[in-house]
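# Secondary and tertiary structure notes
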Amino acid sequence: MGPHPAVAAIRLAVRRVLHDVLTDVQRTDNPRTPENVPLRPAPPHPPREQAASPLVLVACSGGADSMALASALAFEAPKLGIRAGGVTVDHGLQDGSELRAAEVVSRLTALGLDPIESVAVDVGRDGGPEAAARDARYGALDAVAERHGAAAILLGHTRDDQAETVLLGLARGSGIRSLSGMAAVSGGPGADRRYRRPFLHIDRQTARKACMVQSLPVWDDPHNTDPAYTRSRLRHEGLPALEKALGKGVVEALARTAQLSRDDADALDHWAAQAEASVRDAAGLLECAKLYALPPAVRRRIVRRAAIDAGAPAGALFARHLEEVDRLITGWRGQGAINLPGKVVAQRQGGRLVIRQGC
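The following paragraphs examine the structure supplied in this document. From a predicted model like this one, the values you see are computed outputs, not experimental measurements. In this numbering scheme, every chain counts its residues from 1 along its sequence in written order. Where local features are concerned, this predicted model is filtered to residues with pLDDT of at least 70; where side-chain atom pairs are given and counted, the filter is 80 or more; whole-chain, interface and lining totals use all residues. Side-chain metrics in this entry use all non-hydrogen atoms of the structure; hydrogen atoms and water are not considered.

## Focus on unusual backbone geometry
Here Asp114 and Pro115 are connected by a cis peptide whose omega angle stands at 5 degrees. Strands here are runs of E lasting at least two residues and helices are runs of H or I lasting at least four, both read from the DSSP assignment and numbered beginning at the N terminus. Here Pro115 lies in the loop between helix H3 (97-110) and strand E3 (116-120). Residue Ser215 is not a glycine yet carries a positive backbone phi of 60 degrees. If you trace the backbone, Ser215 turns up in the loop between helix H7 (204-213) and helix H8 (230-246). Three exposure classes are used, based on accessible area relative to the maximum for each residue type with a 1.4 Å probe and protein chains only: buried under 20%, partly exposed in between, and exposed over 50%. Looking at Ser215, the relative accessible area reads 63%, which means it is exposed. The residue Lys343 is not glycine, and still its phi comes out positive at about 60 degrees.

Structure (structure tokens):
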């Protein structure tokens, strides 16, 4: 008799991602490997003269999603000759957080993961409590990955998390990239495919059920039910209200929207990257007349990249900023410079759009 359907679902999701990681690692080691050549799993115990097996870490808070992910990683990784480890981040935002982190380390150890790290971080205030905690967490995860030479870090975000992210992006009015939610594969410094999210097509209840049938202890973060946090209000009030008004299937529809939006956003980003060179003059300055001729979605992507390159923080650069700069191109009436985040200034000079650090 096979495993419970919930357990089978999470193991299959993790197995697929581990195959992808192994493929990436082997193609990095042998860049001449053709795309259509099947790759074999690494041997579980490679000879000493060979390179060590790749290491994959799971980021684990102790909650149901990440514990289900950790258990699946521990089960699937040895079959592919992949080493499996774990890391938990102590944000220090709750009483007893050190004990919680120690408990997570103990649970990951019991699953057979190695190495395991618990990392304490200082959470700042930039961007609000949720964004600051996220920035601190990813900074810690990047550092652990670099320290251990990890090929990937698995994150336990589910389809429900994806739906919430899409709605939060919709509320901000941030455009199609924000509506695309979380990517199944994303990166950290110098590693554009470091983070993998195997559960984006699996609902939260499946992960919780998998923990229950395996008798895995889980920790329910009180912040997840605290109405002081926007995502918590959305989870417990907003989404249930939408499902009541629109019927079941809202979460699945939002997750599909995320994927479709991501495909469109990726295509527009590629178009903008190709078009950028054609709208710059010999000195590298952006020519307003050539920018004007581009579709707005492509033009604004070029402007956004120029602002970021000049020092504007990507997370603080919103649609309203880009709209103001865009009017320098499409609605020029002699208006003055536009101040952007990061002390960046955009102004029109002699038919050129100049974006630079201000005084």
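Structure's up, so let's keep going.
## Digging into the packing of helix H9 (residues 250-276) against helix H11 (residues 296-309)
Relative orientation and spacing of two packed helices are given, respectively, by the angle between their axes and the distance between those axes. Each axis is a line fitted through C-alpha atoms, taken for helices only over the stretch in contact, and angles between the N-to-C directions span 0 to 180 degrees. At a closest axis distance of 9 Å, the pairing of H9 and H11 adopts a crossing angle of 70 degrees. If you check the angle between H9 and H11, you find them roughly perpendicular. As for how H9 packs across H11, the hand of that crossing is right-handed. On the side of H9, the interface is formed by Ala265, Leu268, Asp269, Trp271, Ala272, Ala275 and Glu276, while H11 contributes Ala297, Val298, Arg301, Ile302 and Arg305. Each residue is assigned to one of three groups, with Ala, Val, Leu, Ile, Met, Phe, Trp, Tyr, Cys and Pro labelled nonpolar, Asp, Glu, Lys and Arg labelled charged, and all others, Gly among them, labelled polar. The class makeup of the residues in the contact of H9 with H11 is eight nonpolar, no polar and four charged. Just so you know how the angles are binned, under 35 degrees is roughly parallel, over 145 roughly antiparallel, 65 to 115 roughly perpendicular, and the rest oblique. By convention, the crossing between two helices is left-handed when the near helix turns anticlockwise from the far helix through less than a right angle, and right-handed when the turn is clockwise. Contact criterion: two residues are considered in contact whenever any of their non-hydrogen atoms come within 4.5 Å of each other.

## A closer look at the environment of Ala316
Tracing the sequence through the fold places Ala316 in the loop between H11 and helix H12 (319-330). Taking the C-alpha atoms as reference points, Ala316 and Leu340, separated by 24 residues in sequence, lie 9.0 Å from one another. Setting aside chain neighbours within four positions, we find Ala316 in contact with His321 and Pro341.

## Some remarks on the sheet that holds strand E10 (residues 352-357)
Spatially, E7-E10-E9-E8 is the arrangement adopted by the four strands of the open sheet, whose pairing is antiparallel. In this open sheet, the two edge strands, each paired with only one partner strand, are strand E7 (286-287) and strand E8 (338-340). Between any two strands, pairing holds if DSSP finds at least two bridges. Examined bridge by bridge, E7 and E10 share two bridges and lie antiparallel to one another. Paired with Leu286 across the bridge in E10 is Leu353. Helix-sheet contacts for H11 involve E7, E8, strand E9 (344-349) and E10, and the interaxial angle to E10 is about 30 degrees.

## Observations regarding the side chain of Gln162
With respect to the helices and strands, the residue Gln162 is situated in helix H5 (residues 159-172). What Gln162 contacts, discounting residues up to four positions off in sequence, is Ser180, Gly181, Met182, Leu200, Ala255 and Ala258.

## Examining the pattern of salt bridges
In what follows, salt bridge is the name for a side-chain nitrogen of Lys or Arg lying within 4 Å of a carboxyl oxygen of Asp or Glu. Considering all chains together, one arrives at 26 salt bridges under this definition. Notably, a salt bridge pairs Arg194 with Glu146, separated by 2.5 Å at the nearest N-O pair. Placement of the pair is Arg194 in strand E6 (residues 191-196) and Glu146 in helix H4 (residues 129-148), with a sequence separation of 48 residues. Taking the relative accessible area as the measure of exposure, Arg194 reaches 5% and is therefore buried. The partner of Arg177 in a salt bridge is Asp266, with the nearest N and O atoms 2.9 Å apart. Of the two residues, Arg177 is situated in helix H6 (residues 176-179) and Asp266 in helix H9; the sequence distance between them amounts to 89 residues. A relative accessible area of 29% places Arg177 in the partly exposed class. Note on Asp266: relative accessible area 39%, which makes it partly exposed. Three or more residues joined by partner-sharing salt bridges are found here, namely Asp161, Glu164, Arg204, Arg231 and Arg235.

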